[in-house]
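Take a look at the letters that make up each chain.
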Amino acid sequence: MAVIEVQGLTKAYGDILANDHLTFSIERGEIFGYLGPNGAGKSTTIRQLMGFQSPTEGTATIFGHDVRDDAALREAKSRIGFLPGEPAYTPGVTGSEFLEYQAALKGDERRDELLELFTPPLDRQIREYSTGNRQMLGIVQAFMHDPDLLVMDEPTSGLDPLKQEAFHGFLRDERDRGTTIFFSSHILGEVRRVCDRVGIIRDGKLAAVEDVDELLARGGKQVRVHTETPLAEAEFDVDGVVGFASEGREARFTFTGDYNDLFAALADHRIVDIEIDEPPIEEIFMHFYGGEADA
Amino acid sequence: MLETTRYEARQRVRGTLALAVLLGVFALLVIYLFPTIAESSADIDAFIESLPESFREGFGAETYTTIEGFVAAELYQTVWVLLLGLYMAYAAGGSLADDIESGRLYLVLATPVARKRVGFETFLALCLPIVVLNLTMPLVVFGGTIAIDYPLDPYYLLVVHALSIPYLLVCSGIGMVLSVVLDRGDTAQRSAIAIVFLLFLLDSVTLGTDVEWLGAISPTRYLDPTEVLLHETINLVDSLLLFVVATVLVLLSLVYFQHRDL
């Protein structure tokens, strides 16, 4: 049984459909990235999953519990860790006091272990915290009761690059322990580094749900080749060459075909330099987003 | 049990203590003035008698020549009924609305705790100022009146405080309803103050007029410190009514809170 099962989930604010008949499911032990530009409806989905807002139509289940049923969802919540986007706290309490309160509500078996990795200044009042420290405090509270499912809204926003890296590593370890992770992001690179699958949402509609590895494989390779004599597109007739562009003796294109054909064609030329690389994930996502990628 | 109440009440300790000190000092000042007024040759009661009825009734001013009448009017009708009532409405107005507006509530409601419970426990935390002030104030007032050698009857003093609790709960209930209905903390706070103040005015200005019944919707009509302290009459029915209204207001706000989008 899927950990999260979203079935035709729809949320209307007046005339605006923030979520438009979304359907997807998330299996146990996978990291699912929920990707979309700002304002696409990511947070709206998360708020409905957590029972903060009721769906206009459709529903979702978490561990088999319907999110529209408060009592049932509450049972599931002891197994869920949640991190809202830009987590907010009572400014006058210290980090420790806040964690004590959270511990009383849901438990804290893993608090000490987490505080070795994420280090908000616990003795200070939260009003003095930087964005990064607020985020770290939020991460600690999300994981401290050792939940089976994590629901997080842009979890790395505000973290410095080192902490982001630590967080990504931590997420992978958690996944390997069997934890299911659902998080939203608008940072494509992050999704590529940690996610097993992605759901792409745009204007409230689900544009695609894809396996990240397959997506990258389908995206082909980016080739940049520097030849002794200029390479013309007309004479370079190989299946799978997309977006050929040349400037002087340097040519660039995306290649999605058979590598042997490519090398056979290149054998007719003297090559000065060549680079074959994965395309930036932005380009792969571009056609889902339509137009500009948001990162 | 009561984790949220404890957490929220802790945020109210400082404000409550400050209020206790402030009100205590004010009470002592008022009491300290009394001997001068009681022993002055001017006929203050004749002056009070000449004031418009709505003013007299609104501030419970009947006589300033007895300590009971003086304390009831100068301290209880004004500071306790009006000022503290406004304070409780304000505090309650901000309670949940601030947490909703800032998004703080998400971290609480993500845990396996019922919304209604969080709402109720947040309301319970508002009882901290009500309880603390109703414990410290009678001590200060009684001590003060002994010091000036015009002791109040401690029994009726305690009764005034006991009867003010349901009244303050109603004011908090009004704030609570606005706190869950309105989306912004400061709007809820200001509206709560405005409503309690308007109700107080409505009660005062309609007294002795043809539309006196209109003031019956004001909670201030059901609490009369002058009646208790000066005339030693206790109206338990009115207090019970206030208590029922407070309960209904809190229940309504909890039901609404349970079902609204956050």
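All values derive from a computational prediction rather than experimental measurement. (Residues numbered from 1 in each chain as written. Chains lettered and ligands numbered in written order. Predicted model: local features only at pLDDT ≥ 70, side-chain atom pairs only at ≥ 80, totals over all residues.)

Enquirer: Please give an account of the overall build of chain B that cites residues and values.
Expert: Check the secondary structure of chain B and you find 11 helices and zero strands. Moving toward the C terminus, one meets the helices and strands of chain B in the order α-α-α-α-α-α-α-α-α-α-α. Here chain B has a C-alpha radius of gyration of 20 Å; the compact-globule value for 262 residues is 18 Å, and the two agree. Dimensions of chain B along its principal axes, counting C-alpha atoms only, are 65 × 45 × 30 Å. Buried residues in chain B amount to 44% of all 262 residues. If you take every contact in chain B between residues at least 6 apart in sequence, the share linking residues at least 24 apart comes to 75%. (Helix = DSSP H or I, 4+ residues; strand = E, 2+ residues; numbered from the N terminus. Rg over C-alpha atoms; globule rule 2.2 N^0.38 Å. Buried ≥ 20, exposed ≤ 12 C-beta atoms within 10 Å, placed from the backbone. Contact = placed C-beta atoms within 7 Å.)

Enquirer: Go over the domain arrangement of chain A, please, and point to the residues and values.
Expert: Parsing chain A into structural domains produces domain 1 (4-215) and domain 2 (220-278). Each of domain 1 of chain A and domain 2 of chain A has a C-alpha centre, and these two points are 43 Å apart. (Domains from an automatic or database assignment.)

Enquirer: Give a detailed account of the sheet that holds strand β4 (residues 57-62) of chain A, specifying residues and quantitative values.
Expert: Residues and elements named next belong to chain A. Read from one edge to the other, the open sheet built from four strands follows the order β2-β1-β4-β5, with strand pairing classed as antiparallel. In this open sheet, the two edge strands, each paired with only one partner strand, are β2 (16-26) and β5 (65-66). Here strand β1 (residues 4-13) runs beside β4; their pairing, made up of five bridges, is antiparallel. Looking across to β4, one finds that V6 is bridged to A60. Most of the contacts of helix α1 (residues 42-49) go to β1, to which it runs at about 115°, and overall it touches β1, β2 and β4. (Pairing = 2+ DSSP bridges. Axes fitted to C-alpha atoms, helices over the stretch in contact; angles between N-to-C directions.)

Enquirer: Run through the nonpolar core, naming residues and quoting values.
Expert: Proteins that are soluble and globular tend to have nonpolar side chains buried together. Counting 134 residues, the largest nonpolar core has A:I62, A:V151, B:V71 and B:M88 as the members making the most contacts within it. Ranked by residue count, the leading element in this core is helix α4 (residues 67-102) of chain B, at 19 residues. Apart from the residues within four sequence positions on either side, A:I62 is in contact with A:V3, A:I4, A:L49, A:V67, A:L73, A:A76, A:I80 and A:L149. Counting seven residues, the second-largest nonpolar core is a separate cluster that includes A:L231, A:V241, A:A251 and A:F253. (Core = buried A, V, L, I, M, F, W, Y, C linked by C-beta atoms within 7 Å.)

Enquirer: Hey, could you go over the sheet that holds strand β13 (residues 250-255) of chain A for me, with residue numbers and the actual values?
Expert: Residues and elements named next belong to chain A. Spatially, the four strands line up as an open sheet ordered β12-β13-β11-β14, and their pairing is antiparallel. The open sheet has two edge strands, β12 (241-247) and β14 (271-277), and neither has a second partner. Neighbour-to-neighbour, the strand axes of the sheet open up by a mean angle of 15°, direction not taken into account. Direction of pairing for β12 relative to β13: antiparallel, over a ladder of five bridges. Within β13, the residue paired with V242 across the bridge is T254.

Enquirer: Account for the interface of chain A and chain B, with residues named and values stated.
Expert: At the interface, 22 residues of chain A touch 17 residues of chain B. Looking at the side of chain A that touches chain B element by element, the count peaks at five residues for helix α3 (residues 95-106) of chain A. Here the residues of the side of chain A that touches chain B are counted per class, giving 11 nonpolar, seven polar and four charged. (Nonpolar A, V, L, I, M, F, W, Y, C, P; charged D, E, K, R; others polar.)

Enquirer: Can you lay out the pairing of strand β8 (residues 180-185) of chain A for me, pointing to particular residues and giving the numbers?
Expert: Residues and elements named next belong to chain A. Burial within β8 is extensive, with six of its six residues counted as buried. Of the two faces of β8, the one holding T180, F182 and S184 and the one holding I181, F183 and S185 are both buried throughout. Direction of pairing for strand β3 (residues 31-35) relative to β8: parallel, over a ladder of five bridges. Within the sheet, the bridge partner assigned to I31 lies in β8 and is I181. Looking at chain direction, strand β7 (residues 149-153) and β8 are connected through five bridges and run parallel. Bridging across to β8, D153 finds its partner in S184. Running through helix α6 (residues 161-176), the crossover from β7 to the neighbouring parallel element β8 is right-handed. (Right-handed = clockwise from strand over helix to strand, strands pointing away.)

Enquirer: If you had to explain the environment of A:V241 to someone new, which residues and values would you point to?
Expert: All names here are of chain A. As for its position among the elements, V241 is in strand β12. You can call V241 buried: it has 20 C-beta atoms within 10 Å. Taking the C-alpha atoms as reference points, V241 and T254, 13 residues apart in sequence, are found 5.9 Å from one another. The contacts of V241, once residues within four sequence positions are left out, are F253 and F255.

Enquirer: Provide a residue-level description of the packing of helix α6 (residues 115-125) of chain B against helix α11 (residues 236-259) of chain B, including the pertinent values.
Expert: Residue and element names in this part refer to chain B. Remark: α6 packs on α11, axes separated minimally by 9 Å, with the N-to-C direction vectors making an angle of 140°. One way to sum up the angle between α6 and α11 is to call them oblique. Our pair here, α6 against α11, has a crossing hand that is right-handed. Counted together, R115, K116, G119, F120 and F123 of α6 and V250, S253, L254, F257 and Q258 of α11 form the full contact between these two elements. Its residues assigned to classes, the contact of α6 with α11 comprises five nonpolar, three polar and two charged. (Parallel < 35°, antiparallel > 145°, perpendicular 65-115°, else oblique. Left-handed = near helix turned anticlockwise from the far one by under 90°.)

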